[in-house]
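The chain contents come next:
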Amino acid sequence: MIYAHRGASKYAPENTLASFNKAIALEAGGIETDVQLTKDHAVVVIHDPTIDRTTAGRGKIKDYTLQELVALPNGKWFDPTFSDDKIISLKALLDWWKTTTIYLNIELKSHRYNDRGLVEETVKQLNTLKHLETLTLSSFNALYLKQVKALNPNITTGFLTKKQLSERTLRKHLDYIDGIHLHYKAFTTDYLKRVHGLGLYLYLYTVNDDVLFNDYLQTDVDGIITDDPTLRSSLGIDD
């Protein structure tokens, strides 16, 4: 499975409907995106804890209401042709996703403010959907994933990590994780075998080099997250 990282973020501003639609146009199998908690405890689609990098505004997500955030243009920083793109809510993302057949991987961004209800509010919105088989919630925070499984054991969960986790650590989390999302630089085929041996899947992030991309596809890795889903087609590979 090839996931477009924050949408097709090489070709359109990250975490916008433009980047998600571009991912579909480029025939990615899935999209990866990020959510945060707003001042009024709504859920918004954005990667950074601040709006500084991707909007003309300044400040922390937690200091803005959802209404204030979704009014902010979120694409001009990438290219003026995307000046009309704005930050979107989780609800807007899910409304869009329901009209597609693409897989969805939502990262629950982990920091102290998000501890106040990001997991609960996200799962609450997901529980309104009929089909969750093609959706994954991921996080660097294992406690978030434990909360997810307590609220809805049918949601697939992926544990994000920058390094290989010991078998002891993996076993500790087996009750509430279904897979590992590993930084590609930490990947080895031996580790893949160990993860699979525990009944977990393994995704790699964020792979943008075509040679490495091809190398990983020759293994039994379950998914690759990339800014450029055309790497798959350029290598003559169907998703």
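Small disclaimer: the values here were computed from a predicted structure and weren't measured.

### Things to note about the side chain of arginine 6
- Mapping arginine 6 onto the fold places it in the loop between strand S1 (2–5) and helix H1 (17–25).
- You can call arginine 6 buried: its relative accessible area is 13%.
- Here the side chain of arginine 6 touches glutamate 14 through a polar contact of 3.1 Å, side chain to side chain.
- Apart from residues no more than four positions distant in its own chain, arginine 6 is found in contact with Glu14, Asn15, Ser19, Phe20, Glu32, Asp34, His47 and Arg53.

### Quick look at the pairing of strand S8 (residues 179–183)
- Counted residue by residue, S8 has four buried out of five residues, so it is predominantly covered.
- Pairing between strand S7 (residues 156–161) and S8: four bridges, direction parallel. Its bridge partner lying in S8, glycine 158 is registered against glycine 179.
- Remark: the S7/helix H6 (residues 167–172)/S8 crossover connection has right-handed handedness.

### Points about the pairing of S1
- Side chains Ile2 and Ala4 project from S1 onto one buried face, and the interleaved Tyr3 and His5 project onto a second face that is buried too.
- Here three bridges tie S1 to strand S10 (residues 223–226), and the two strands are oriented parallel to one another. Across the sheet, the residue bridging to alanine 4 is threonine 226, located in S10.
- Inspection of the sheet shows S1 paired to strand S2 (residues 30–37) by three bridges, in the parallel sense. By the bridge assignment for S2, histidine 5 is matched with glutamate 32.
- Between the parallel elements S1 and S2, the chain passes through H1 in a crossover that is right-handed.

### Quick notes on the pattern of salt bridges
- Evaluated as defined, the whole model comprises 12 salt bridges.
- Two residues, aspartate 48 and arginine 53, come together in a salt bridge whose shortest N-O distance is 2.8 Å.
- When its relative accessible area of 14% is taken as the criterion, aspartate 48 is described as buried.
- A relative accessible area of 37% places arginine 53 in the partly exposed class.
- One continuous salt-bridge network, built from bridges that share partners, spans Arg6, Glu14, Asp34, Asp48 and Arg53.

### What to know about the side chain of histidine 181
- Structurally, the position occupied by histidine 181 is in strand S8.
- A residue is classified by how much of its surface remains accessible, and histidine 181, at 0% relative accessible area, is buried.

### Considering the packing of helix H4 (residues 118–126) against helix H5 (residues 142–151)
- The N-to-C vectors of H4 and H5 enclose an angle of 40°; their axes lie 10 Å apart at closest approach. The pairing of H4 with H5 is recorded here as oblique in orientation. In the crossing of H4 with H5, the sense of the turn from one axis to the other is right-handed. The segment H4 lies against H5, with Val119, Glu120 and Val123 engaging Tyr144, Gln147, Val148 and Leu151.

### Quick notes on helix H3 (residues 90–97)
- Those residues of H3 that sit buried are Leu90, Leu93, Leu94, Trp96 and Trp97. Each buried residue of H3 lies within a common arc of 160° when the element is viewed along its axis, so the set occupies one face.

### Here's the deal with the packing of aromatic side chains
- Per the stated rule, a full pass over the model turns up seven aromatic pairs.
- Here tyrosine 201 and tyrosine 203 contribute two aromatic rings whose centre-to-centre distance is 4.5 Å and whose plane-to-plane angle is 45°, an arrangement assigned as tilted. Like tyrosine 201, the residue tyrosine 203 is buried in the burial classification.
- In this structure, arginine 53 is placed above the aromatic ring of tryptophan 77, and the distance from its NZ or CZ to the ring centre is 5.8 Å.

### Thoughts on helix H7 (residues 189–197)
- Of all the residues in H7, the buried ones are Tyr191, Leu192 and Val195. Within H7, the buried residues cover an arc of 105° as seen down the axis, which keeps them to one side. For H7, exposure combined with an orientation more than 90 degrees from the buried face picks out Lys193 and Gly197.
- Contacts from the buried residues of H7 go to H6, S8 and strand S9 (201–205).
- Directly beyond the C-terminal end of H7, a positive phi value near 80° is found at glycine 199.

What counts and how
For every chain, the first residue of the written sequence is number 1, and numbering continues from 1 along that sequence. At least 70 in pLDDT is required for a residue's local features to be given in this predicted model, at least 80 for side-chain atom pairs to be given and counted, and no such filter applies to totals for whole chains, interfaces and linings, which use all residues. Hydrogens are left out, water is left out, and the side-chain values use all remaining heavy atoms of the structure. Helix and strand labels come from DSSP, where a helix needs a run of H or I of at least four residues and a strand needs a run of E of at least two; each type is numbered from the N terminus. For every residue, the accessible area (1.4 Å probe, protein chains only) is compared with the maximum for its type, and the residue is labelled buried under 20%, exposed over 50%, or partly exposed between those bounds. Definition of a polar contact: a pair of N or O atoms within 3.5 Å, with one able to donate and the other able to accept a hydrogen when the atoms are protein atoms, and with sequence-neighbouring residues admitted only if both atoms are side-chain atoms. Contacts are residue-level and defined by heavy atoms, with any inter-residue pair within 4.5 Å sufficient. Only strands joined by at least two bridges in the DSSP assignment are considered to pair. We call a crossover right-handed when, viewed with the strands running away from us, the connection from the first strand over the helix to the second turns clockwise. We count a salt bridge whenever a side-chain nitrogen from Lys or Arg sits within 4 Å of a carboxyl oxygen from Asp or Glu. Axis geometry follows a simple rule: fit a line to the C-alpha atoms, using only the stretch in contact for helices, then measure angles between N-to-C directions, giving values from 0 to 180 degrees. The labels follow the angle: roughly parallel below 35 degrees, roughly antiparallel above 145, roughly perpendicular from 65 to 115, and oblique for the rest. Helix crossings are classified by the rotation of the near helix relative to the far one: an anticlockwise turn of less than a right angle makes the crossing left-handed, while a clockwise turn makes it right-handed. Our arc is simply the arc of the directions from the helix axis toward the C-beta atoms. Pairing of aromatic rings covers Phe, Tyr and the six-membered ring of Trp, with a centre-to-centre limit of 6.5 Å; geometry is then stacked below 30 degrees between planes, edge-to-face above 60, and tilted otherwise. Only lysine NZ and arginine CZ atoms are considered, and such an atom sits over a ring when it is within 6 Å of the ring centre and within 35 degrees of the ring normal.

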